[in-house]
Protein chains: 4
Amino acid sequence: MNTIGKIFTFTGFGESHGAAIGGVIDGMPAGVKIDLEKVQHELDRRKPGQSAVTTARKESDTVEILSGLYEGMTTGCPIGFIIRNENQHSQDYGQLREAFRPSHADYTYTTKYGLRDHRGGGRSSARETATRVVAGAFARQALEQMGVTIAAYTSQVGEISVGESYKDLDLSLTESNPVRCPDPAKAEEMERLIMEVKADGDTIGGVVSCVISGLPAGVGDPVFGRLGARLADAMMSINASKGFEYGMGFAGVGSRGSEILDPFTVGEDGKIGVSANNSGGIQGGISNGADIYFRVAFKPVATLMQDITTVDCHGNEVLLKARGRHDPCVVPRAVPIVEAMAAIVILDAVLLNRAARI
Amino acid sequence: MNTIGKIFTFTGFGESHGAAIGGVIDGMPAGVKIDLEKVQHELDRRKPGQSAVTTARKESDTVEILSGLYEGMTTGCPIGFIIRNENQHSQDYGQLREAFRPSHADYTYTTKYGLRDHRGGGRSSARETATRVVAGAFARQALEQMGVTIAAYTSQVGEISVGESYKDLDLSLTESNPVRCPDPAKAEEMERLIMEVKADGDTIGGVVSCVISGLPAGVGDPVFGRLGARLADAMMSINASKGFEYGMGFAGVGSRGSEILDPFTVGEDGKIGVSANNSGGIQGGISNGADIYFRVAFKPVATLMQDITTVDCHGNEVLLKARGRHDPCVVPRAVPIVEAMAAIVILDAVLLNRAARI
Amino acid sequence: MNTIGKIFTFTGFGESHGAAIGGVIDGMPAGVKIDLEKVQHELDRRKPGQSAVTTARKESDTVEILSGLYEGMTTGCPIGFIIRNENQHSQDYGQLREAFRPSHADYTYTTKYGLRDHRGGGRSSARETATRVVAGAFARQALEQMGVTIAAYTSQVGEISVGESYKDLDLSLTESNPVRCPDPAKAEEMERLIMEVKADGDTIGGVVSCVISGLPAGVGDPVFGRLGARLADAMMSINASKGFEYGMGFAGVGSRGSEILDPFTVGEDGKIGVSANNSGGIQGGISNGADIYFRVAFKPVATLMQDITTVDCHGNEVLLKARGRHDPCVVPRAVPIVEAMAAIVILDAVLLNRAARI
Amino acid sequence: MNTIGKIFTFTGFGESHGAAIGGVIDGMPAGVKIDLEKVQHELDRRKPGQSAVTTARKESDTVEILSGLYEGMTTGCPIGFIIRNENQHSQDYGQLREAFRPSHADYTYTTKYGLRDHRGGGRSSARETATRVVAGAFARQALEQMGVTIAAYTSQVGEISVGESYKDLDLSLTESNPVRCPDPAKAEEMERLIMEVKADGDTIGGVVSCVISGLPAGVGDPVFGRLGARLADAMMSINASKGFEYGMGFAGVGSRGSEILDPFTVGEDGKIGVSANNSGGIQGGISNGADIYFRVAFKPVATLMQDITTVDCHGNEVLLKARGRHDPCVVPRAVPIVEAMAAIVILDAVLLNRAARI
């Protein structure tokens with residue numbers, strides 16, 4: 001299953017070390033003026049080699065749009081695109097042909113399919129997330145036209161956490177540092193921690209937080225298309241993610257119901273709003289007009305710069321020497337991916353919602 | 001969207017105070033001997049009025065199977081079923097016709113659809129989850145034939161938490177107490193807390209943990225059908241759920257990669273396994289043969305036994321008097337729902353997996 | 001697969017001799033005032049026993065709506081419904097437990113599923129089409145509000161054919177005779193033929209033609225959701241259908257391109273139309289505002305009132321004695337089914353089309 | 001909607017005059033050895049410029065596979081591919097920017113999407129069918145491994161028709177002539193007719209027949225996934241198709257039921273078969289082990305080499321001068337497309353069928 005979405009859909013393809021990765025964006029509404037530089041900009045935010053806290057592997061990740069645009073506008077026809085792979089050191093992976101790296105997908109892919117492209121993790125590599133970023137960049141430009149904005153940021157690396165609500169942060173600072181944390185002091189701490197971990201040949205996890213603003217009330221589809229469920233699905237499809245929560249999340253279970261009600265208010269314009277937002281902008285699976293905010297947990301990835309003893313497909317013990325170039329912490333690069341997946345989900349829900357009434 | 005699943009699908013219908021709720025189970029493989037008493041037993045675990053910690057509302061929730069079974073066996077044809085609604089106090093809800101209860105779906109449904117069935121929350125009521133339990137009970141009987149078992153339990157109520165891993169618990173004790181916590185001492189504490197909260201006319205949240213055992217390696221579908229993502233989607237579609245995590249989850253972000261690797265082992269039989277399971281049984285979206293375990297956070301529900309001031313659809317302030325009969329803590333009744341949704345997801349993935357190889 | 005549609009969907013269940021048949025209509029837009037008598041009226045047009053040209057089997061086919069309506073309006077929530085089975089002579093079917101009737105689905109169901117409910121054909125019986133008629137009746141009421149009408153009629157029975165285009169017929173006469181042919185003279189001929197065939201214990205086929213009027217230009221979805229393809233799919237899902245054509249159809253292959261162009265015209269109001277309609281109202285898979293018309297071929301059904309020699313599941317020859325009560329010609333009762341399936345397809349396409357532009 | 005299929009799916013993209021066309025094949029089972037020359041061979045059968053009876057436009061239509069293969073084997077991962085467009089005479093299409101050609105999709109696309117890529121018909125051009133041929137060639141190689149073969153041929157051009165059943169033809173002769181008719185005498189007549197029509201700047205329609213052999217009994221999915229319905233859907237999604245029939249088709253409506261029964265037989269090996277095949281290999285939507293055969297009607301396409309008067313988007317009359325290079329009869333080139341679509345449908349049904357029983 002390499003397709004996500006119902007009306008606005010994305011179908012991706014491609015392995016880490018094949019000729020190219022790419023995909024098809026379908027259901028993109030016609031009449032959206034597309035700024036291709038913005039699309040490339042999102043890819044650049046995700047690409048490897050952009051800073052010292054990410055992998056040193058360098059790829060230009062240049063997207064080529066093959067269809068669905070005419071004179072800069074979407075036509076309603078599917079948008080096919082590719083990103084050529086480059087800078088492939090396939091020889092780095094020779095020893096992985098038969099070995100199963102612990103906590104990777106080598107064993108599970110082999111068990112499921114009977115064979116696998118072992119080079120760089122093949123399809124299980126996070127490389128394919130670059131194609132999602134392209135699809136998300138298209139969705140985002142449609143959403144921006146409707147006044148919907150999406151902003152993700154690094155809120156935790158290891159035990160270093162930005163305690164505040166997103167409301168107390170200046171999200172315009174997210175891109176001001178390589179970890180993409182809008183709290184500059186915490187960002188420095190996080191950066192130091194990542195560099196330490198990197199020096200040890202180790203990795204560290206973290207949390208990406210995300211806020212969706214400007215979405216009108218009434219979007220989302222009960223009961224099996226709830227916004228919360230669809231966002232969870234999309235986020236948990238990102239490599240290395242292990243948890244999702246929105247609104248009060250796990251922390252809310254300790255509260256009393258009377259403490260976490262979101263009272264309705266009536267503005268001077270007669271518009272109904274809420275004076276608290278423990279619900280995270282979603283009630284009954286449908287947006288209530290308040291900000292939607294959620295958090296995604298990313299584990300420390302399993303690709304270490306350390307020698308590892310494991311087993312191969314014959315059941316023999318093998319020693320894997322540390323090689324390749326890897327991310328000590330994937331969280332900073334996950335930020336644009338979280339935004340992209342959110343945009344894909346939200347645009348789909350917005351379009352679907354047009355069928356809610358006669 | 002009232003359908004979940006790809007091959008094994010469930011489509012539900014019904015409101016809290018309509019004539020009946022029900023659904024269609026499609027893609028159920030032929031040749032499964034169905035024990036209808038087990039199906040009813042699952043419904044009984046979910047039904048209201050079963051203990052002092054749940055709502056006092058009483059409904060027998062008797063399922064009537066209308067198709068798809070012949071002489072006790074599934075035929076491969078769709079299984080239609082209904083559960084008649086009864087014990088409806090629609091007059092309890094008169095004041096809700098125009099009022100929007102805070103942190104409920106009244107406002108969002110009205111905004112989306114332009115009208116709503118306000119009685120008892122209509123479609124947004126958790127009543128519909130009874131139909132999921134029926135679908136799950138069918139899936140479960142198919143899975144049991146394959147050696148797959150699913151066990152959920154209450155692991156937290158308010159701040160009272162079962163600290164141990166599921167491995168250190170005796171899950172056969174789950175049904176021995178009304179909160180469905182396999183740790184009898186903690187269960188008592190939880191029960192006391194719920195009774196306290198109930199006495200205050202308040203509510204409290206909690207966490208349901210779940211373990212899936214016996215699933216062979218190789219099940220699950222990258223990249224948009226990852227087991228973790230599909231479980232997240234299914235769990236976050238349950239009323240009042242606010243968070244999902246599997247394996248090390250949110251807690252794992254503080255670890256180093258070197259601490260959380262799951263080393264492969266080779267058994268005497270030559271079978272590959274893992275000696276640790278931080279991954280939660282899923283790698284690259286595919287099962288690795290180890291137990292799958294996850295946690296779902298449920299908020300304290302918003303239906304309090306307290307008078308509440310809110311607004312109505314005209315923007316006027318209204319006072320809602322406490323009435324009806326409601327759950328002070330939905331977590332104990334969520335346990336069979338979590339199991340049902342897990343069974344639906346896993347059976348679908350197992351069936352889908354049969355197409356993985358030529 | 002018992003679901004059809006993408007946004008407006010119908011999921012059916014039920015066998016000929018189970019407790020009930022029924023289904024779930026999902027994606028029905030909110031705010032449609034539903035006349036339940038019209039729904040029942042469509043069922044009455046399909047039900048057995050309505051005239052001498054149909055089976056003598058009598059069933060009241062009363063639909064019970066279980067959800068999704070509130071005070072006579074659709075709420076946007078799924079509409080569950082059932083039709084209880086009655087007048088079942090299961091004992092009529094004892095000899096069919098092991099025998100495979102020629103040109104029926106007995107053998108194929110058994111081969112696929114390993115077992116089958118043999119009573120009355122089980123799920124393969126055309127009885128399930130009653131549930132489609134209910135779904136179609138809902139879709140139709142939504143379409144009527146948009147000015148879209150659908151009219152089917154019997155255009156051929158055996159070799160007796162209504163030669164004229166639908167434009168030369170008075171479709172208000174369709175219901176004036178039991179064969180549902182708007183040409184009264186031909187209707188009489190057809191009726192005589194059916195009675196003759198019936199007297200022989202035999203059956204005869206025919207063609208249902210259908211016209212969809214009032215659909216605006218721009219509806220339909222290239223390339224795998226073309227209106228023509230979706231109508232074909234829906235019509236070929238009806239029991240006993242063997243062919244589908246729209247516009248010029250098979251007859252058009254003998255023409256030259258220059259003979260069958262549909263010239264565009266500009267009305268006094270500046271509106272673009274066509275002065276011929278060989279395309280059948282669909283160009284590039286999308287409606288062009290002209291009438292959509294198509295034809296569906298129904299074979300003579302295989303249930304004869306004659307003794308038949310065939311084989312059973314053990315490979316033994318068996319003699320099946322003529323019994324039961326069957327239709328000598330299914331075409332008159334197929335007319336409301338064709339209309340229902342057309343309504344289901346068109347409403348779905350109309351709703352989907354709302355996502356075509358930003 | 002640019003995706004077809006449920007488990008084995010194809011998602012296409014691309015316009016006539018964009019950078020490239022292409023697509024993603026998903027759900028391809030792992031472990032199929034792929035002969036890429038066979039894939040290219042299928043494309044060559046479809047490509048323009050291959051003979052005097054097709055368009056003189058020349059394109060090499062070289063497919064580039066970008067993913068999903070490893071060392072010549074399918075890996076279970078999605079297969080992305082592109083075919084670069086070349087030999088584009090965009091200037092040929094300047095006059096079509098605002099004009100609506102009669103019986104083309106210019107008007108309907110513009111009405112639906114508000115704008116269109118007018119060059120060469122954009123997405124509505126049959127050029128996109130090349131991508132389906134690639135997907136079909138992959139499906140075919142999987143099916144061949146299972147003993148399933150698919151053979152289509154031209155059975156009618158204009159009024160010249162191959163009267164015989166496919167059983168009386170030597171289908172190995174199909175590729176021996178440019179019209180792809182296995183009856184050499186008729187092929188010559190057809191070729192002459194096409195050359196005549198071409199000389200007139202006109203076009204002519206025809207029929208493609210297709211036979212699927214070797215498919216075991218039990219494949220296909222009632223009630224909304226019937227093989228006949230899915231084939232109809234797939235065939236009616238091909239440009240210029242106007243009709244579909246299988247088995248006895250439209251001609252069968254004139255028969256009596258007693259004349260068209262397909263008697264079951266028991267072979268010496270105890271295997272059940274049929275001694276006649278009016279059903280066309282499908283009963284109750286499921287294969288019965290006999291050959292599946294069907295026919296697809298193609299209209300004479302609307303692109304003439306004649307000047308045409310029509311209207312533009314402003315409602316003004318315009319004269320379109322004959323230009324470009326077009327097919328006088330698309331039927332010969334439709335043969336490989338019909339085969340490809342059949343392969344896509346059948347492989348999907350075969351894979352889906354694996355979930356039929358526990």
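Report follows, based on the coordinates.

1. Digging into the overall build of chain A
The number of helices and strands found in chain A is six helices and 19 strands. The C-alpha atoms of chain A give a radius of gyration of 21 Å, which matches the 21 Å a tight globule of 358 residues would have. In terms of its C-alpha atoms, chain A occupies a principal-axis envelope of roughly 70 × 50 × 35 Å. Considering only residue pairs separated by 6 or more positions, chain A has 70% of its internal contacts joining residues 24 or more positions apart.

2. Points about the interface of chain C and chain B
Residue-level contacts link 39 residues of chain C with 39 residues of chain B. When the two sides are added together, the surface that chain C and chain B hide from each other amounts to roughly 3000 Å², 59% of it contributed by carbon and sulfur. Ranking the residues of chain C by area buried against chain B places F13, L66 and Y70 of chain C at the top, with a combined share of 20%. Our count for the chain C to chain B interface comes out at four salt bridges. Residues R84 of chain B and E64 of chain C are paired through a salt bridge, measuring 2.8 Å at the closest nitrogen-oxygen approach. For the interface between chain C and chain B, the tally reads 12 residue pairs in polar contact (both at pLDDT 80 or more). If you list the elements that add at least two residues to the side of chain C that touches chain B, you get β2 (9-13), β3 (20-26), β6 (73-74), β7 (79-84) and α2 (106-113) of chain C. Split by residue class, the side of chain C that touches chain B holds 15 nonpolar, 14 polar and 10 charged.

3. Focus on the packing of aromatic side chains
Applying the stated criterion across every chain, the model contains 38 aromatic pairs over all chains. A centroid spacing of 6.1 Å and a plane angle of 15° characterise the contact between F10 of chain B and F81 of chain B, whose relative ring orientation is stacked. Here F10 of chain B, found in strand β2 (residues 9-13), pairs with F81 of chain B, found in strand β7 (residues 79-84); they are 71 residues apart in sequence, far enough to count as distant. Of the residues examined, F81 of chain B reaches a relative accessible area of 0% and is grouped as buried. A ring pair is formed by F244 of chain C and Y246 of chain C, whose centres lie 6.4 Å apart and whose planes are at 40°; its orientation type is tilted. For F244 of chain C, a relative accessible area of 0% translates into the label buried. Since its relative accessible area comes to 9%, Y246 of chain C is described here as buried. One aromatic cluster is present, formed by F10 and F81 of chain A together with F224 of chain B through successive ring pairs.

4. With respect to the interface of chain A and chain B
Quoted interface sizes are often the accessible area lost when the parts come together. Facing 104 residues of chain A, the contacting portion of chain B comprises 104 residues. At the boundary of chain A with chain B, total buried surface from both sides reaches about 8200 Å², with 63% on carbon and sulfur atoms. Summed over the shared surface of chain A and chain B, the result is six salt bridges. We note a salt bridge from K112 of chain A to D221 of chain B, for which the minimum N-O separation is 3.3 Å. If you look at where chain A meets chain B, you find 43 residue pairs in polar contact (both at pLDDT 80 or more). Considered class by class, the residues forming the side of chain A that touches chain B number 45 nonpolar, 37 polar and 22 charged. Of the strand pairs in this sheet, strand β12 (residues 241-246) of chain A and strand β12 (residues 241-246) of chain B are connected by three bridges, and their pairing is antiparallel.

5. Quick notes on the relation of the copies chain A and chain B
It takes a turn of 180° to lay chain A on chain B, together with a shift of 0.0 Å along the axis; the resulting RMSD is 0.0 Å. The transformation relating the two chain copies, once decomposed into turn and shift, fits a two-fold axis. In this assembly, 100% of the residues forming the interface of chain A have copies in chain B that are likewise at the interface, indicating an isologous arrangement.

6. Topic: the side chain of T303 of chain C
Residue and element names in this part refer to chain C. In this fold, T303 is placed in the loop between β17 (292-298) and β18 (308-312). What makes T303 buried here is its relative accessible area of 18%. At 2.8 Å, the side chain of T303 forms a polar contact with the side chain of H104. Ignoring anything within four residues of it in the chain, the contact list for T303 reads H104, T203 and H326.

7. Some remarks on the sheet that holds β3 of chain C
Residue and element names in this part refer to chain C. The strand order β1-β2-β3-β7-β4 describes an open sheet built from five strands, whose pairing is antiparallel. Looking along the sheet, the strands with just one partner apiece sit at the ends: β1 (3-4) and β4 (63-65). Alignment of β2 against β3, held across five bridges, turns out to be antiparallel. Each bridged residue has a counterpart across the sheet, and for G12 the counterpart in β3 is G23.

8. Points about the sheet that holds strand β8 (residues 99-100) of chain C
The strand order across the open sheet formed by three strands is β8-β18-β19 (chain C), and the pairing between neighbours is antiparallel. Looking along the sheet, the strands with just one partner apiece sit at the ends: β8 and β19 (317-320) of chain C.

9. Observations regarding helix α3 (residues 129-145) of chain A
Residue and element names in this part refer to chain A. The terminal C-alpha atoms of α3, which comprises 17 residues, lie 25 Å apart, in line with the 24 Å expected from a rise of 1.5 Å per residue. Burial within α3 is extensive, with 15 of its 17 residues counted as buried. The positive-phi residue at the C-terminal boundary of α3 is G147, with phi of around 85°.

10. Section: the relation of the copies chain C and chain B
Note on the copies: chain C fits chain B at an RMSD of 0.0 Å, the axial shift is 0.0 Å, and the rotation between them is 180°. Of the interface residues in chain C, 100% have counterparts in chain B that sit at the interface too, so the contact is made through matching surfaces.

11. Some details on the environment of D307 of chain C
Residues and elements named next belong to chain C. Tracing the sequence through the fold places D307 in the loop between β17 and β18. A relative accessible area of 41% places D307 in the partly exposed class. On a C-alpha basis, the gap between D307 and R323 in space is 8.7 Å, while along the polypeptide they are 16 residues apart. The residues touching D307, leaving out its near neighbours within four places in the chain, are L319, L320, K321 and A322. Polar contacts involving the side chain of D307 include one to the side chain of K321, which spans 3.2 Å.

12. Focus on the pairing of strand β17 (residues 292-298) of chain D
All names here are of chain D. The element β17 is extensively covered by neighbouring structure, given that six of its seven residues are classed as buried. Bridge analysis of strand β11 (residues 206-213) against β17 gives seven bridges, and the strand direction is antiparallel. Of the residues in β17, the one forming a bridge with S209 is R295. Pairing between strand β12 (residues 241-246) and β17: five bridges, direction antiparallel. Residue pairing for β17: G243 is matched across the bridge by A297.

13. Structural notes on the nonpolar core
Core analysis: the biggest nonpolar cluster contains 361 residues, and F294 of chain A, F294 of chain B, F294 of chain C together with F294 of chain D have the highest contact counts within it. Those residues in contact with F294 of chain B that lie beyond four places of it in its chain are V208, S209, C210, I212, L231, M235, F244, E245, Y246, V338 and A342 of chain B.

14. Things to note about helix α1 (residues 36-46) of chain C
Helical periodicity: at 3.6 residues per turn, an α-helix aligns residues three or four positions apart in one direction. Residue and element names in this part refer to chain C. Listing the buried residues of α1 in full gives V39, Q40, E42, L43, R45 and R46. Buried positions along α1 lie against β4, β7, α3 (129-145) and α6 (331-353). Put simply, D35 is the residue that caps the front of α1, since its side-chain oxygen is 2.9 Å from the backbone nitrogen of E37.

15. Looking at the pattern of salt bridges
By the definition in use, this model includes 96 salt bridges over all chains. Two residues, E188 of chain A and R192 of chain A, come together in a salt bridge whose shortest N-O distance is 3.9 Å. Of this pair, E188 of chain A and R192 of chain A are both found in helix α4 (residues 184-199), four residues apart, which corresponds to roughly one turn of the helix. Between D307 of chain C and K321 of chain C there is a salt bridge whose closest N-O contact spans 3.2 Å. With a gap of 14 residues between them, D307 of chain C in the loop between β17 and β18 and K321 of chain C in the loop between β19 and α6 connect regions that are remote in the sequence. Each of E42, R45, R140, E175, R180 and E339 of chain A takes part in salt bridges that share partners, so that together they form one network.

Cut-offs used in this document
Residues numbered from 1 in each chain as written. Chains lettered and ligands numbered in written order. Predicted model: local features only at pLDDT ≥ 70, side-chain atom pairs only at ≥ 80, totals over all residues. Heavy atoms only, no water. Helix = DSSP H or I, 4+ residues; strand = E, 2+ residues; numbered from the N terminus. Rg over C-alpha atoms; globule rule 2.2 N^0.38 Å. Contact = heavy atoms within 4.5 Å. Buried area = accessible area lost by both parts, 1.4 Å probe. Salt bridge = Lys/Arg side-chain N within 4 Å of Asp/Glu carboxyl O. Polar contact = N/O pair within 3.5 Å; in protein donor to acceptor, adjacent residues only side chain to side chain. Nonpolar A, V, L, I, M, F, W, Y, C, P; charged D, E, K, R; others polar. Phe/Tyr/Trp six-rings, centres within 6.5 Å; stacked < 30°, edge-to-face > 60°. Buried < 20%, exposed > 50% of the residue type's maximum accessible area, 1.4 Å probe, protein only. Pairing = 2+ DSSP bridges. Least-squares fit on C-alpha atoms with pLDDT ≥ 70 in both. Expected span 1.5 Å × (residues − 1). Core = buried A, V, L, I, M, F, W, Y, C linked by side-chain atoms within 4.5 Å.

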